[in-house]
Protein chains: 2
Amino acid sequence: MCKLPDKIRIKDIAALAGVSTGTVDRVLHNRGEVSQKSREKIEKILTELNYQPNIYATALASKKKYTFITLLPEAKKGEYWYDIKIGVDNAAKELLDLNINVQQIFFDQYNETSFIQSINTILIQSPDGVLLAPVFKEQTIILTKELRIKNIPFVFIDSDISELNALSYFGMHSFKSGYLAAKLLLKDEKNNSDIAIFQAYRTGNSESNQTELRINGFKKYISDYYPDTVIHSVKIYAHDTDKNDKILKDFFNHYPQIKKGVTFNSRAYLIADYLTTNYIDDIKLIGYDLLEKNVIALKKNKICYLLAQRPEIQSYKGLKALCEYKIFKNKIKRTNFMPIDILTQENIDFYQEFTII
Amino acid sequence: MCKLPDKIRIKDIAALAGVSTGTVDRVLHNRGEVSQKSREKIEKILTELNYQPNIYATALASKKKYTFITLLPEAKKGEYWYDIKIGVDNAAKELLDLNINVQQIFFDQYNETSFIQSINTILIQSPDGVLLAPVFKEQTIILTKELRIKNIPFVFIDSDISELNALSYFGMHSFKSGYLAAKLLLKDEKNNSDIAIFQAYRTGNSESNQTELRINGFKKYISDYYPDTVIHSVKIYAHDTDKNDKILKDFFNHYPQIKKGVTFNSRAYLIADYLTTNYIDDIKLIGYDLLEKNVIALKKNKICYLLAQRPEIQSYKGLKALCEYKIFKNKIKRTNFMPIDILTQENIDFYQEFTII
DNA sequence: CTGTTAGCGCTTTCAT
DNA sequence: ATGAAAGCGCTAACAG
């Protein structure tokens with residue numbers, strides 16, 4: 001019995017195979033120039049000893065430089081896309097020592113032109129990978145077609161366009177989240193006769209695919225379990241408080257029997273604020289995403305549940321996936337649905353103070 | 001303007017300060033033998049340029065070896081403590097290249113003697129840190145007292161004994177989880193007059209502190225919002241199905257008005273199984289932890305909600321905390337409450353297939 | 001008190 | 001097809 005070191009190194013493999021470290025490295029990375037005989041011998045030892053490379057040494061020695069580009073909506077602190085950016089920043093910091101540079105490009109999610117302009121920037125740069133939120137479908141098709149030609153992998157986050165077959169997708173299962181929202185709103189309760197769906201109208205962007213899927217899921221639950229429920233749809237305006245006030249006032253006056261509401265975008269606070277201002281506190285409201293304003297409304301008990309989807313993990317994992325694929329040549333899972341987290345007044349603090357990465 | 005490399009290295013700092021890399025390293029690690037003058041100059045440059053060491057190079061060059069010991073209950077696949085072990089394994093794998101060895105010691109959570117025996121093993125070994133679940137309070141006091149004398153840091157997971165002032169704690173906020181459980185069980189609902197608390201009786205171990213806190217939280221919510229509710233406590237037996245059957249049958253026959261129940265340990269499936277066997281499906285049941293059997297019952301709709309506490313993250317983060325403290329000399333947060341995750345039939349799959357680390 | 005130097009395990013280039 | 005050797009950035013022992 002000869003004794004082996006705690007952790008097997010390339011040097012050990014080489015010694016056992018009677019070759020040099022260079023040869024072992026060549027078979028490890030499949031870069032040819034190795035005789036059949038050596039290859040087989042080395043591979044055998046490799047699997048027998050279950051060789052695991054020292055990732056620190058690998059990272060340090062590697063000379064290759066990589067650039068990844070992210071194309072995401074701009075955002076201010078407290079907004080959904082800002083949390084996405086936090087994940088990008090976290091990943092970027094980690095990847096720096098791996099010689100990976102992350103370049104962030106932002107567009108205006110209400111302005112398709114700003115997205116179009118970014119396309120060229122990306123294509124000229126020819127990065128090693130792209131992480132993006134496919135907010136504008138047509139333009140995303142154009143961009144990804146070019147990326148495919150240049151053989152640049154891309155990862156979607158937040159929402160998926162499955163026919164474009166990205167390397168990977170990280171985001172919510174929108175349909176099921178809507179289904180869950182309905183259950184949380186209605187199950188075992190009284191006052192289920194009428195409910196309201198508040199839809200924030202966004203200029204310059206038609207109803208997103210994601211919102212639609214959430215609504216479908218929501219309606220499915222209702223038709224499954226409470227088919228008699230009447231659903232009222234109310235259009236509200238994200239950037240016009242006065243107009244909203246009037247709309248909501250009219251609505252609640254008109255349908256006093258409505259005690260339940262839901263929003264499928266992240267603007268639940270718009271409704272919550274109205275309820276607060278008008279001293280209404282018998283409406284059960286459900287919304288999405290931990291925007292600062294939503295969280296405040298949740299804590300004040302104006303929103304009953306918020307469904308969240310770990311935005312900072314979506315972008316973090318998206319970049320790591322690119323890295324795994326390009327650098328470590330690993331297989332990547334195509335679809336990664338994020339957990340649908342249910343937040344209430346009682347558990348929100350623990351959730352927020354707990355940073356996963 | 002002289003140009004600096006992308007990433008500042010020790011060598012760059014040394015050049016700017018007109019000293020050698022050895023001296024820079026000495027001030028970085030506070031190991032003395034540096035003149036006041038050099039020290040100040042170097043420190044100035046360090047902060048100005050915001051020097052961040054290359055963690056890969058650091059890890060590779062470091063020659064020190066460390067040993068951490070974990071002292072946790074033994075468990076089989078599908079159990080709570082098995083998930084805790086998964087976190088340990090994950091951390092151990094990551095730490096291997098940092099010259100850190102993680103040695104796992106297991107005890108029988110129903111047998112104090114097995115815990116006592118492990119104490120000696122640990123003290124003889126004199127590891128660089130200990131991660132443990134303080135299941136047996138008296139023995140934990142004895143162990144940690146010795147560790148303190150030997151200046152060995154220790155981290156608690158799962159439950160805390162705050163007066164022992166561990167380096168850090170990772171686990172649930174038991175009281176608030178109980179409060180939340182009550183809300184999920186009762187809020188806005190009918191049939192709140194009578195509810196049952198099922199307590200699994202464990203041989204050899206008195207009611208744990210954790211369970212007690214959960215019950216307190218639960219009762220607090222009820223006294224806050226539904227003070228008229230009658231709470232029935234039922235003792236069940238984890239390892240005696242026949243006995244359980246009889247107890248539960250008697251109980252439900254005696255109190256047919258009870259439509260809600262909760263368990264504060266992880267044995268909700270015991271009740272769920274009874275309900276299944278007896279074709280009862282109008283009882284709303286809440287439990288804790290994603291044991292395989294609990295998850296099955298949740299999916300079959302026999303359990304309505306499961307509260308979970310990310311066991312595999314507790315142990316993972318606990319070990320990383322020891323590492324941060326011992327190796328990178330960083331400050332560690334004393335108390336780290338885990339998110340209280342609310343799982344239902346609808347979101348359990350996404351939660352389980354999503355591995356965070 | 002300071003500078004020099006030999007590694008850590010792996011990658012990659014250059015001879016052979 | 002293969003081996004030798006130079007480094008990646010940092011640590012730590014040693015010589016002065």
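About the criteria used
- Residues numbered from 1 in each chain as written.
- Chains lettered and ligands numbered in written order.
- Predicted model: local features only at pLDDT ≥ 70, side-chain atom pairs only at ≥ 80, totals over all residues.
- Heavy atoms only, no water.
- Salt bridge = Lys/Arg side-chain N within 4 Å of Asp/Glu carboxyl O.
- Helix = DSSP H or I, 4+ residues; strand = E, 2+ residues; numbered from the N terminus.
- Buried < 20%, exposed > 50% of the residue type's maximum accessible area, 1.4 Å probe, protein only.
- UniProt positions renumbered as here; feature names shortened; annotations may be inferred.
- Contact = heavy atoms within 4.5 Å.
- Buried area = accessible area lost by both parts, 1.4 Å probe.
- Nonpolar A, V, L, I, M, F, W, Y, C, P; charged D, E, K, R; others polar.
- Phe/Tyr/Trp six-rings, centres within 6.5 Å; stacked < 30°, edge-to-face > 60°.
- Lys NZ or Arg CZ within 6 Å of the ring centre and 35° of its normal.
- Near = heavy atom within 4 Å.
- Polar contact = N/O pair within 3.5 Å; in protein donor to acceptor, adjacent residues only side chain to side chain.

Looking at an unreviewed UniProt entry, one finds chain A named Transcriptional regulator and attributed to Coprobacter secundus subsp. similis.

All names here are of chain A. If you walk through the whole model with that rule in mind, you get 40 salt bridges over all chains. For Lys 137, the salt bridge is made with Glu 163, and the minimal N-O distance between the two is 3.2 Å. Of the two residues, Lys 137 is situated in helix α7 (residues 137–149) and Glu 163 in the loop between β4 (154–158) and β5 (168–171); the sequence distance between them amounts to 26 residues. In this structure Lys 137 comes out as partly exposed when scored by relative accessible area, which is 42%. One network of salt bridges, in which partners are shared, links Glu 189, Lys 260 and Lys 284.

The sites that UniProt annotates as "domain: HTH lacI-type" (unreviewed entry) are residues 8–62 of chain A. Helix makes up 65% of residues 8–62 of chain A and strand 0%, with an end-to-end C-alpha separation of 20 Å.

Moving on: the interface of chain A and chain B. Counting residues at the interface gives 47 residues for chain A and 48 residues for chain B. Carbon and sulfur atoms make up 58% of the area that chain A and chain B hide from each other, which totals about 4200 Å². Summed over the shared surface of chain A and chain B, the number is six salt bridges. The residue A:Asp97 makes a salt bridge to B:Lys7 at a minimum N-O spacing of 2.6 Å. Contributions of two or more residues to the side of chain A that touches chain B are made by α4 (55–61), α5 (80–96), α8 (174–186), α13 (311–326), β12 (341–343) and α14 (348–353) of chain A. Looking at side-chain class alone, the side of chain A that touches chain B contains 23 nonpolar, seven polar and 17 charged residues.

Within this structure, the stated rule accounts for 35 aromatic pairs over all chains. Summarising the aromatic geometry, the rings of A:Phe264 and A:Tyr288 are spaced 5.9 Å apart at their centres and angled 55 degrees between planes, so their arrangement reads as tilted. One end of the pair, A:Phe264, is in the loop between β8 (260–263) and α11 (268–277); the other, A:Tyr288, is in strand β9 (residues 284–288), with 24 residues separating them in the sequence. Taken as a pair, A:Phe264 and A:Tyr288 share a single burial class, namely buried. In this structure an aromatic cluster arises from ring pairing among A:Phe198, A:Phe251, A:Phe252, A:Tyr255 and A:Tyr274. Positioned over the ring face of B:Phe354 is A:Lys317, at 4.6 Å from the centre of the ring. The ring centre of B:Tyr237 lies 4.1 Å from the NZ or CZ of B:Lys243, which sits over that ring.

Further remarks concern the protein's contact with DNA strand C. Surveying the vicinity of DNA strand C reveals 24 residues, the closest of which are A:Ile10, A:Asp25, A:Arg31, A:Tyr51 and B:Ser35. For DNA strand C, the fraction of atoms within 4 Å of the protein that belong to sugar or phosphate moieties is 64%. One nitrogen or oxygen atom from the side chain of A:Asp25 is found 2.4 Å from a phosphate oxygen belonging to DNA strand C. The contact in question runs from a phosphate oxygen of DNA strand C to an N or O atom on the backbone of B:Ser35, over 2.7 Å. Counting only elements with at least two residues in the surface near DNA strand C, the list comes to α4 of chain A together with α2 (21–28) and α4 (55–61) of chain B. Grouping the constituent residues of the surface near DNA strand C by class yields nine nonpolar, nine polar and six charged.

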